[in-house]
Structures are given as C-alpha cells and as structure tokens.
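# Secondary and tertiary structure notes
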There are 2 protein chains.
Amino acid sequence: MMNIFIYGVGKRYRCQMSTKNKILDAAEKLFAIQGFNGTSLREITSQAEVNLAAVNYHFGSKKELIKSVMSRYMNELSPRLELSLVNICEQEDLTLLEVFSAFIDPLLSLNEFKENGTSNFLQLLGRGYSDSQGFLRWFLTTQYPGVINNFVKAVQKAYPELTAEEMFWRLHFTMGTVVFTMSSSDALIDIAKSDFDKKMDIAGVIKKVIPYVAAGVAAPLL
Amino acid sequence: MMNIFIYGVGKRYRCQMSTKNKILDAAEKLFAIQGFNGTSLREITSQAEVNLAAVNYHFGSKKELIKSVMSRYMNELSPRLELSLVNICEQEDLTLLEVFSAFIDPLLSLNEFKENGTSNFLQLLGRGYSDSQGFLRWFLTTQYPGVINNFVKAVQKAYPELTAEEMFWRLHFTMGTVVFTMSSSDALIDIAKSDFDKKMDIAGVIKKVIPYVAAGVAAPLL
DNA sequence: GCCTAGTTTAAACAAGCGTTTGAAATAACG
DNA sequence: CGTTATTTCAAACGCTTGTTTAAACTAGGC
C-alpha cells in the first residue's frame, strides 16, 4: 500500500517505501535505545507493525538492516561534514576549538532530516562502537573515509606540532568521549535535569562536549 | 579437590576455592574480551573446565557472577584509590593533572594482584558501561561511593571555578574517554604497533590518556 | 561404616533468537 | 480478464541462551 514510483531510463520500477521505511524507522529508534545486540527482529517488526519475515525479505539479514540504518544517516551527514571541514580548513590561524565546532551544524542539520535525527544518529554511532564487535567500525571507516581524512587534515593544520602517533591516540580518545556520551545521553540529560534543574537537549550536550575534546586534543605534549 | 579451610568461631567451614575461582578467572578473561552479553555461560564453564551448572550453583545467576567478577577487583582497588586521592588532596596548589595521575599507581597495582589485572579490570569497566543497560553502572556507583566522592573533592580543589553542573558533564566525558579507550585498548595497541612500530601496553595507554582528560576537564569555561 | 552435608554431573527445560519456507494476497502489465 | 511478478503472512526450523532437575559422587564427623 502507498507505493511510489521511480521512472528510470524508459523502464518503470516499482518500489514500496512503506514497509521498508517502517522497518528502518522502528529499527533506528530501538537500536538507539537498546543497542543492536539488545534489539530483536521481533521487537522491530512488531513496533513497525509489519511481519517478522519482512526484515529478511527486504534487507536480507539483521546485519544488513543495521548497515542500512546507519547508511541512511551517513549519506546525509558525510557530504555536509566534509564540506564544513574543508571550509574551516581554508581559514588561517585555525584553532582546535574551531575545528571541532565545524561538526556542530552538520550534526544538528540531521534534526531537519528526521525528528530526533541528531540524537538518534549519535546514539547509534555509540552503539556501533560497543556492540557488534567492531564490524560497524570497519563499515564506517571504509565506507566513509573522506570525513576522517578531512578531519585529520584540519587537526593537523590547527596543531602542527602534534605527532601522527599522538594524534592517533587523541582522536581515539575523542571518539570515545563522544560515542560514550551520546550512547547514554538520554540518561545524562535526565540526571542533569533532576540534579541541576537544567533543561538540556542533544544540541546542548554537543556544545558542552566540544570544548572538552578540543582542550583534550590541544593538551601540551609532555 | 584442593580444598582450603577457614576456621571460624569453633566451627569448621569447608569451602572449595577451586571451582569458584576457576569460574571467576575464566569469566573475567572472556568478559573483558567479548563483553558480558557476548559471553555465554557455556563458554565460561568449558574454558574453566567445570560443569555448566556450577555457575548457578555457586553464584546463583549470571548477573551475580558479573557482580562477583567486578567486586573482586573493586574491593582490591577502591581502598588504594581512595587513599591516593585523599593524599593528593592534602597537597597545596593542586593541578588537575596531579589529580588524575593519582589513579596511575592504584590502577597499575592490580597487575600485582593478578596477571593482566589492570587491563582486564579497565576493559571490564568499559564493558559494564556499554553492555547490560547500566545495571553495572548502578552497582558500582552505589557500592563504591567513596571513590567518587573523594575524586570529586580533589577535582574541586584543583579547579574551584568549575561549577557543579559543568563538573558533572566533564566527569562523564572523562568516564567515556577512559571506558571506551579501555574496552578497545587491545585493538588500539595493535594498530599503534603496526602503524607506528611503537610497542605499547596498558600502562602506556593510561599515561597517554591522563594528559588528555586532565586538559579536557581543565578546559576554560566559556 | 553409616549418615549427612556439600559438590559435581548429565540431561532436560522453557524461552528467545535469526532465518527459511510455501502458500496466500496483492499489485502490475499485456 | 488473465498472467506474472512482487509482497505479505503464519508457521516452523534449527540453534543458542540461562536456568533447573534429580541422580551420582565426595568427603567429614560420629
């Protein structure tokens, strides 16, 4: 039901978006909250109100579904992020705080792409690095190398004294900070609200974490 | 076989350490590598060369086994860590780098307690925060509040301008950095070796991460 | 040597998982 | 309309999980 059509070169392809997208949406939400391993296909299909077998019919396997969920965001994010990093890189007297701030707008733009998009994506990213013994880590670094390369280039320009090895470690520390924070961001936001009576959202968390990681990467070499 | 005896008040209790400890040792290693959810009781018991039912007989459930594995380390670590933090707190002109450096010796002392103790414990800690939807987080913060309190006190002394709310966030960022780094430290050490031909161990990683988190927490307030 | 409490064992249990099947339903096209 | 391709569906598959059972085995105390 509710099919849309895509007209190709003379040929007419049919593709139903309903079921496939209902699965993607339900999976995205549940994966973000419970992790990939912690979410079963039965949970996903019942939340999406589709048949259990639909996942394997449309995506082939659970692993491919996970990839599809991530790709939907990465395809949206990565060009904007690369552009933002390239732009910032042209600037002279570049600071690390500026480099990391280049992530803010592209990340927040995911909220226009989809409701709670930024939060969901970052949580998914966090899950991907802790669940599923690193296959998602491999998937992202091989499928989207442009982001990483431009990011490294920008950091190098802002902090030329940083050796390649030290950069390697500090970027992984940064990854850890972000990924961990985001995968438990809902809980942290709740605690901050009850303890400090401060309303906070994902944009607020991003703006808090960026000075932290920028200072961490900028730490003096011993 | 190989039982040891504990003499109580007149009564004589028997307790075999062999099976129970074999399970704890095997579980610890497997949990650290594969995570809690990723490790089955059958893997543990076959590695420990004991019967499958032994886990439920000696520990009651898998959840209690996880707690026991963590407690074995926390009971060793927490008094040393508290002492170290209290000591550093008495010092004047305290820097954040010194506060975080107070973790080094207590953490590395776990290597004397058990082979690969430091590495195993930190990896377990990392797993505990990503697997098992936060029940271990609850367990640790409620069972060992002294460590956290003394740590917060030390950070406050070293950086008095830091508000309670900002401290809350930055300490969570720090937790994320450490936990994420440690749960994938084996992989990172391997990459560092192949990419930079630098031999690294867990002590080396700790000494790299501490300047990073110290600088992150020390970041200027905007 | 018997009795008792503690421990180990093999086997089964019930529940959940991802995946596959083959028939029914639906939509597309000549 | 009739044929064909696509999509849905209920049911089952084979496997793994944590946990339980009840019988076998072990050793200490009298």
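Residues numbered from 1 in each chain as written. Chains lettered and ligands numbered in written order. Predicted model: local features only at pLDDT ≥ 70, side-chain atom pairs only at ≥ 80, totals over all residues. Heavy atoms only, no water.

## Considerations on the packing of aromatic side chains
This model, assessed by the stated rule, comprises 20 aromatic pairs over all chains. Ring centres of B:W169 and B:F173 lie 6.2 Å apart, and the angle between their planes is 40 degrees; on these two criteria the pair is classed as tilted. Of the two residues, B:W169 and B:F173 are both situated in helix 11 (residues 164–183); the distance of four residues between them amounts to about one turn of the helix. Taking the relative accessible area as the measure of exposure, B:W169 reaches 0% and is therefore buried. Residue B:F173 is classed as buried on the basis of its relative accessible area, which comes to 0%. In this structure an aromatic cluster arises from ring pairing among A:F168, A:W169, A:F173, B:F196 and B:Y212. Its end group placed over the ring of A:F59, A:K20 keeps NZ or CZ at 5.8 Å from the ring centre. (Phe/Tyr/Trp six-rings, centres within 6.5 Å; stacked < 30°, edge-to-face > 60°. Helix = DSSP H or I, 4+ residues; strand = E, 2+ residues; numbered from the N terminus. Buried < 20%, exposed > 50% of the residue type's maximum accessible area, 1.4 Å probe, protein only. Lys NZ or Arg CZ within 6 Å of the ring centre and 35° of its normal.)

## Some details on the relation of the copies chain A and chain B
Look at the two chain copies: a rotation about an axis and a shift along it is all it takes to match them. Expressed as a screw transformation, the operator carrying chain A onto chain B has a rotation angle of 180 degrees and an axial translation of 0.0 Å, and the superposed copies differ by an RMSD of 0.1 Å. Both copies are brought into coincidence by an operation consistent with a two-fold rotation axis. A symmetric contact is evident, with 100% of the interface residues of chain A recurring at the interface of chain B. (Least-squares fit on C-alpha atoms with pLDDT ≥ 70 in both. Contact = heavy atoms within 4.5 Å.)

## Describing the layout of surface pockets
Taken as a whole, the largest pocket holds about 1200 Å³ of empty space. In terms of lining, the largest pocket is formed by 41 residues, of which the most central are B:Y129, B:I148, B:F151, B:L171 and B:M175. The set of elements that each furnish at least two residues to the lining of the largest pocket consists of helix 12 (185–196) of chain A together with helix 4 (62–90), helix 8 (117–130), helix 9 (135–143), helix 10 (145–158), helix 11 and helix 13 (202–217) of chain B. Of all the elements, helix 11 of chain B adds the most residues to the lining of the largest pocket, at nine residues. For the lining of the largest pocket, the class distribution of residues is 31 nonpolar, eight polar and two charged. (1 Å grid on protein atoms, 1.4 Å probe; cavity = no way out; pocket = protein on both sides within 12 Å on 5 of 7 lines; lining within 4 Å. Points joined across faces, edges and corners; volume = space filled by probe spheres on them. Nonpolar A, V, L, I, M, F, W, Y, C, P; charged D, E, K, R; others polar.)

## Structural notes on empty space enclosed by the protein
Gaps left between atoms are located by rolling a probe of water-molecule size over the structure's atoms. Across all of its chains, the model carries one cavity of 30 Å³ or more by this definition. One number sums up the size of the largest cavity: a volume of about 100 Å³. What lines the largest cavity is A:G126, A:Y129, A:S130, A:V179, A:F180, A:S183, B:G126, B:Y129, B:S130, B:V179, B:F180 and B:S183. Put simply, the parts of the chain that give the lining of the largest cavity at least two residues each are helix 8 (117–130) and helix 11 (164–183) of chain A together with helix 8 and helix 11 of chain B. In terms of residue class, the lining of the largest cavity is built from six nonpolar, six polar and no charged.

## Quick notes on the nonpolar core
Counting residues in hydrophobic clusters, the biggest one holds 146 residues, and the most contacted among them are A:L65, A:F121, B:L65 and B:F121. What A:L65 contacts, discounting residues up to four positions off in sequence, is A:I23, A:L24, A:A27, A:F31, A:L41, A:I44, A:V55 and A:F59. (Core = buried A, V, L, I, M, F, W, Y, C linked by side-chain atoms within 4.5 Å.)

## Side note on the pattern of salt bridges
Tallying each qualifying case throughout the model produces 18 salt bridges over all chains. One salt bridge in this structure joins B:R72 and B:E28, with 2.8 Å as the shortest N-O distance. Of this pair, B:R72 sits in helix 4 while B:E28 sits in helix 1 (residues 18–34), placing them 44 residues apart in sequence. Exposure remark for B:R72: the relative accessible area of 18% places this residue in the buried category. Residue B:E28 is classed as buried on the basis of its relative accessible area of 0%. One connected set of salt bridges, linked through shared partners, spans A:D25, A:E28, A:R72 and A:K114. (Salt bridge = Lys/Arg side-chain N within 4 Å of Asp/Glu carboxyl O.)

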